[in-house]
Amino acid sequence: MTTRPLQLHGLLYKLSECKSCRRFLYTLVGPARSGIPSKSKQRFGQQRCAAGTLPGPHRAHSRCRAASGATQSAAAAPVTAHDPSPNPSVPASASSNGTGARAGAGALTFQEAVARLQQYWAAQGCAVWLPHNSEVGAGTMNPATFLRVLGPERWRVCYVEPSVRPDDSRYGENPNRLQQHTQFQVILKPDPGNPQDLYLGSLEALGIDTCAHDVRFVEDNWENPALGAWGLGWEVWMDGQEVTQYTYFQQAGGQALPVPAVEITYGLERILMALQGVTHFRDIRFTAGLTYGEMLLQNEYEMSCYNMDRADVASQRQLFTLFQQEADRLLDARLPIPAYGQLLRLSQAFNVLDARGAVGVTERATCFAAMRGLARRVAQLWLERREELGYPLGQAPALAAPPMPRLSAGEPAPAAADLVVEVGCEELPPADADAAVAQLRERVPALLARLRLSHGAIAVHSTPRRLAVSVAAVATSQPDVEESVRGPPAKVAFGADGAPSKALTGFCAKIGADPAGVEARADAKGVEYVWATRREPGRPAAEVLTEELGALVGGLVFGRSMRWNSEVTFSRPVRWLLALHGSRVLPFAFGPLRAGPSTRLLRSDMAAEAQLADAASYLPRLEAAGITLCAERRTSDIWAGAQAAAAAAGGAVPESARGELLSEVAALVEAPTVLAGSFDAAFLALPREVLVTVMRKHQRYFPVCDAEGALLPAFVTVANGPVDVPTVRAGSEAVLRARFEDAQFFHRADLATPLEAMHAAATAATAARLARADLASALVTEMTALAGVMGRHYALAEGQPPEVAQAIYESVLPRQAGDELPRSPAGILVAVADRLDSLVGLCAAGCMPTASADPFGLRRSAYGMLEALVANNVCLDLPAAVGAAADLQAVATPPEARAAVVEFVTRRLEQLLVDGGCCVEGVRAALAERGADPALAAATARELQLELDAGAEGRLPRVMAALARPTRIVRGKEADCAPAVDEALFDSPQEAQLWKALRGVRGNVDPGMSIAAWLQAVEPLVEPVDAFFHSVFVMCEDAAVRANRLALLCEVAALPRGVLDLAQLPGF
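Residues numbered from 1 in each chain as written. Predicted model: local features only at pLDDT ≥ 70, side-chain atom pairs only at ≥ 80, totals over all residues. Heavy atoms only, no water.

Attention shifts here to the overall build of the chain. Tallying secondary structure elements over the chain gives 37 helices and 24 strands in all. Taking all 1068 residues of the chain together, 55% fall into the buried category. For the chain, long-range pairs separated by at least 24 residues make up 73% of all intrachain contacts whose partners lie at least 6 apart in sequence. With the model as given, the accessible surface of the chain reaches about 43,800 Å², and the carbon-plus-sulfur share is 54%. (Helix = DSSP H or I, 4+ residues; strand = E, 2+ residues; numbered from the N terminus. Buried < 20%, exposed > 50% of the residue type's maximum accessible area, 1.4 Å probe, protein only. Contact = heavy atoms within 4.5 Å. Areas by Shrake-Rupley, 256 points an atom, 1.4 Å probe, with all protein chains shown as cover.)

Bringing the confidence of the model for the chain into the picture now. Per-residue pLDDT for the chain has a mean of 84; in total, 86% of the residues score no lower than 70. This model gives residues 16–103 a pLDDT under 50, and the stretch forms 273 contacts once residues within four places in sequence are excluded. Below a pLDDT of 50 lies the segment residues 753–759, which in the model reaches 9 contacts outside its immediate sequence neighbourhood of four places, other chains included. (pLDDT = per-residue confidence, 0-100.)

Checked against the element boundaries, Arg116 lands in helix α5 (residues 110–123). There is no salt bridge for the buried Arg116, and the closest opposite charge comes from Glu112, which lies 6.2 Å off by N-O distance. Within the structure, Arg116 has its side chain in polar contact with the backbone oxygen of Ala205 (distance 2.7 Å). (Lys, Arg positive; Asp, Glu negative; His and termini not counted. Salt bridge = Lys/Arg side-chain N within 4 Å of Asp/Glu carboxyl O. Polar contact = N/O pair within 3.5 Å; in protein donor to acceptor, adjacent residues only side chain to side chain.)

Below, the discussion takes up the sheet that holds strand β22 (residues 672–678). One open sheet accounts for 3 strands, arranged β22-β24-β23; its pairing is antiparallel. The open sheet has two edge strands, β22 and β23 (702–705), and neither has a second partner. The sheet shows a mean angle of 30° between the axes of neighbouring strands, taken without regard to direction. Pairing of β23 with strand β24 (residues 711–720) involves 3 bridges; the strand directions are antiparallel. The residue of β24 that forms the bridge with Phe702 is Val716. (Pairing = 2+ DSSP bridges. Axes fitted to C-alpha atoms, helices over the stretch in contact; angles between N-to-C directions.)

Per the stated rule, a full pass over the model turns up 26 aromatic pairs. Ring centres of Tyr120 and Trp121 lie 5.1 Å apart, and the angle between their planes is 90°; this geometry places the pair in the edge-to-face category. This pair shows no difference in class: Tyr120 is buried, exactly as Trp121 is. When the centroid spacing of 5.4 Å and the interplanar angle of 75° are considered together, the rings of Trp222 and Phe249 count as edge-to-face. Placement of the pair is Trp222 in strand β5 (residues 222–224) and Phe249 in strand β7 (residues 241–252), with a sequence separation of 27 residues. Each member of the pair, Trp222 as well as Phe249, carries the same accessibility label: buried. Among the aromatic residues, ring-to-ring pairing joins Phe184, Tyr199, Phe217, Trp234, Tyr246, Tyr248 and Tyr266 into one connected group. Between Arg521 and the ring centre of Trp531, over which it is positioned, the NZ or CZ distance is 4.5 Å. Sitting over the ring of Trp230, Arg560 keeps its end group 4.2 Å from the ring centre. (Phe/Tyr/Trp six-rings, centres within 6.5 Å; stacked < 30°, edge-to-face > 60°. Lys NZ or Arg CZ within 6 Å of the ring centre and 35° of its normal.)

Moving on to helix α35 (residues 1011–1018). An α-helical segment advances 3.6 residues per turn. Residues three or four places apart therefore align on the same side. Those residues of α35 that fall on the buried side of the exposure criterion are Ile1011, Trp1014, Leu1015, Ala1017 and Val1018. Relative to the axis of α35, the buried residues are bounded by an arc of 165° and lie together on one face. Of the surrounding elements, those touching the buried residues of α35 are α32 (934–949), α33 (956–970), α34 (989–1002) and α36 (1022–1031). (Arc of directions from axis to C-beta.)

With that settled, consider the packing of α5 against helix α7 (residues 195–205). The contact between α5 and α7 brings their axes to 9 Å, and the two run at 140°. The way α5 lies across α7 gives a crossing that is right-handed. Taken together, the residues of α7 that come into contact with α5 (itself represented by Arg116, Leu117, Tyr120 and Trp121) are Asp197, Leu198, Tyr199, Gly201, Ser202 and Ala205. For the contact of α5 with α7, a count of residues per class yields 6 nonpolar, 2 polar and 2 charged. (Left-handed = near helix turned anticlockwise from the far one by under 90°. Nonpolar A, V, L, I, M, F, W, Y, C, P; charged D, E, K, R; others polar.)

Moving on, we come to the nonpolar core. Core analysis: the largest hydrophobic core is formed by 84 residues, its most contacted members being Trp121, Tyr199, Tyr266 and Phe570. Core analysis: the second largest hydrophobic core is formed by 46 residues, Trp995, Ile1011, Val1022 and Val1025 among them. (Core = buried A, V, L, I, M, F, W, Y, C linked by side-chain atoms within 4.5 Å.)

What follows is the structure, encoded as C-alpha cells:
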C-alpha cells in the first residue's frame, strides 16, 4: 500500500498524456486551463526538427534518380554545403531580425531551393501551381490537392504553400516552430511506379548527396478528420531529421479514391536550416542579401500576438457560423469550388479559436462534424461536376500484369532444388513486417504440403524493403497420385445385360477411369460397391508454384492495407517480385507485376538491381551488398555495435533499451551502420525522463549512461547502409540539439508559470499523492468510516490548498449506494483514476469477482466510477483509460485481462442505466455503438428511452421500419454487394430518388450526434425507402444490377453505425 499513491499519481499523468483520454481533462477543466496542448490535426504543425549541417557530395557516384535530361541538368550542379561544425547556438549579439548569421553561404538560398524543386518536378510532368489565395493549414488543403485527388482523372502538380497553424505561434522565439511555415507540395496521380526514386532525385537536385546521408522512410500514417481524408505513408528522415511527409491518399472527403494519389510534402524551413547550417529559422538565407527573419520575423511575431492574445473569440465563432452558412448556400447552388473556399475559411476560424483555448470537447466534436459534413458534400458535388464535364483531363488507365510467359522445359531438372520468393516493397512498417513473417511461416509449409512437394528447411525473413521465403531442396515435380475411389452400388452400376449404367459411366468420367477397369467389393455391411483407381500424374513444381504464389502474397493480412496502382492491396506498394526454383524463374503475377530473377539492393549501391542465376545465390548476393536478411542477426549486431560505440564514449547503453527500441531500430534498417554522437552537457540539466523520451521515442536513438546509471552527453544511432559517418553524425547531433532546445524552451516556459495556474490536474496530482494516506492515521484505523473525511481535515491542517483537501475527500466518493458524488474536476479525476487502478490491478492479479463472491468490492468500485462519470457528464475513452492504467501495473496485464476489465465495466454500466429507468433493449442498443464512452452511452440510452416512450406517435418507429428491411436483406450478403453504388446501373426512378435522398441524409449524420438529431436527419429517407421497395425487386436476374442494389441498401443499413444498434430494439 505504500507505493499506491505514487502509482495513482503516475496514472493521472498517464491518462493526461493519452490522446484518447485528453478529452476527459478537457471536459473537466476546459482547454484553456488543462495544460494539455490543443494540437491541430494537420501535418507539419510542429516545426521541431531543424538545424543541422549537410555537407555536399562525398562520392563521385552520387546519382540522380530521375531519367529525364532536364532533371539531370537540374541536379548537375550540387551545392557544396556549409562546414560540418555548426555553431551550437545563435549568439546574443545577432540581430533579432536574423541578420547576424550567414552560415552555409555556399548552400542554396530559400528561393533558389524553391526554384530548383519547381524545375525538377516540372521536368517530371508536373504543372507548377500557385499557393491558395486564402489561409490553409497545409498544402493538402489547397484545391489542387484536396479536389484533384478525387475521381479517376490524371493529375500531376507541384506548388509552394505557406501553411498557417495558429496553435504553433511562438512569437518568433522558438528556433524551430512557426505559425506560418512553408511547404512544397507534389501530387502524382496515378502512381508513376517509381515515386520514391523520383523523390530521392529531387533531394539530389537540391544538392543533397543521398549516398552520404542516412535517408530513411519511417512509418507515419496520416489522417485529417475534418476533411474526411486519410492515407498511408512515411515521414522521410535525413540523418534523423524529418524533412518530408510522403503519403498515398486512400480517401478524401469521405470518398474512397479510385486512383490513389502520391503526395510528397517538403518542410522547406527544416531542409534549408539543415542545408545552410543555421540553428534558428530567422537565420535562413532567403536570398543572397536577405534572411528569413528580415523577411518574415515581424509577421511571425504579430500574427502570434493575434493568434494567441488578440483574436476575438466571439467574432471567430460568428465567422465560423457565417462561413458554414455560405458554404451550405453554395453547395445548394452546385458550386463546389467556392463552397470549398468557404470551408477553408471556417477551418481557419476554428484553428484560431483552438489557439485561443476557446474550444471545449463538445464544441470541438460539433465543429469537426460540421467541417467533415461540408467536406463530404463538396467532394460528392465535385465528382458529379467532373463527371458531367466528361472528365476533361482523361482517366487513368487500369494496370494489369504483363502476359504470362511460356514456361520452357529447359535443361533436365534435378530431383530437388532450392526455392526463393521475395516480395520487394516500399518500406514496411515494423508491425506489418512481423505479421507477414508470422503468416508466411504458417502458410508456406501448408502450401507445399497441399501441392505435394517435398522440401527441406523453410526460412522466412524480412527487412524494411523485402519479405523473403527460402526453402531448401523443393522437389521439382509432384509425385503421381494413385488412389482407389468408391463408386455407386454394384446393383445400379450395371444394367441387366451387364453393360455399364449411366451412374457408372458418369462416375468413371468424373475421376478419369475406364468403366472396364472397375471392380466390385463388399463393405463391412456386405453391400457391394464398385471401386475404380484414380490416377493423377504429377505436374512440374514450376507450374503449380507459379499458379499459387500470387494467391499466397495476396492473402497476407495487415492491420491496415492500401491500394496504389491497381485493385490489389498490401501493407505498402510492392515494387518487384523475385521467384526462383533452382535456376528456373517462376513468373507468378501480383497486381501489375510478374516475378523475375532480379532483386534490388540498397538504394545507395552502384548496382541498385542484381540479377540472380539461381535461388542458391540469393542470400550470398544480399550479404555481399551489406544487407542482413535475418532480423535476429541484425538485432544482435546492432546491440553489440551500440554497446561498443557507447563504451568508446565512456558508458553503456542501458539494458532497458534492449526491448522495444532495439526491435524497432532493427526493423528500420537492413544494413546497419552503428555510430555514436554527442550533445552539449548543459542539456543534462533537463529532467532525465525528458532527455530519454526525446532520444528513444522521437529519434530512435540509444541513450548512454555511466556505471551509476546517470546519463552521459552521448547517444548511439543506427544508419541504414554505408554512409558518410561524419555527415550523419553531424546531422544527428543537430536534430537532437533542436529537439532538446524545444524541450528546454517548453521547460523554461513551464517553470515561469505557477504550477497551480497550469491546470486542475495539478490539484489532482497533489491529491493523488495524499489520497488514502489517512488510512495510516490512528483515528481512521480506529474508525474506517472517516477515511477521506480525516484526509481532508489533515490536509487543511498542514496548509494544503482547500481544493486539494476537497479532492482528497472526494477521492473516496461514492462510498455506498446513494452517497454523494465527487463534483470538483480534481476530485472526479482522482476518484476515477483510483478505481481504474484497483480494477485493472486486481484483474491482472486474478482477483476478479465470481458469481458468488466479490471480496474486493470491485462491482461497487466500478459502479461508483461510472456514477461519477455519468452524473458529471465526463467523457472518457474506457478502453484507452484501461490501457493507460494497465501500463502502470506492477504485474503484467495481458490484452485479455484488459478486455475483461472493459467488459466488466460495460456490464456494470448496463446495470446502472437499467436501474436508472431505461429499458434493457435501449441500453444495449446504445452500448453496442457507444459503450466505449460511458457518459455518451448513458445520454444516448436516456434519449432513446424518451423516443421509445413516445410510442407509435414518435419518429423512431417510422425510421426503424424504413431501415429494418434494408438491414435484413443485406445481412450476410456483404460479399455480394458492389464495391460502390453505380448510378449508371439504376433502371428505375425510385433507385435514383433513394440514392439522392441517401446522399443528403448521410451528409447530416455524425457518430457523435444525439438520438433526436439523428432521427431528424434520417427521417427524410423513410418515403424514398418505402417507394423503393414498392417498385424495385432487389434480387433481380442481372448480377450487376443486383449487386448495385445491394450496395445501395448496404449504405442505407449503415446509417445507425456509431449512434445505436437498431437490431437490439423490439420490433426491428
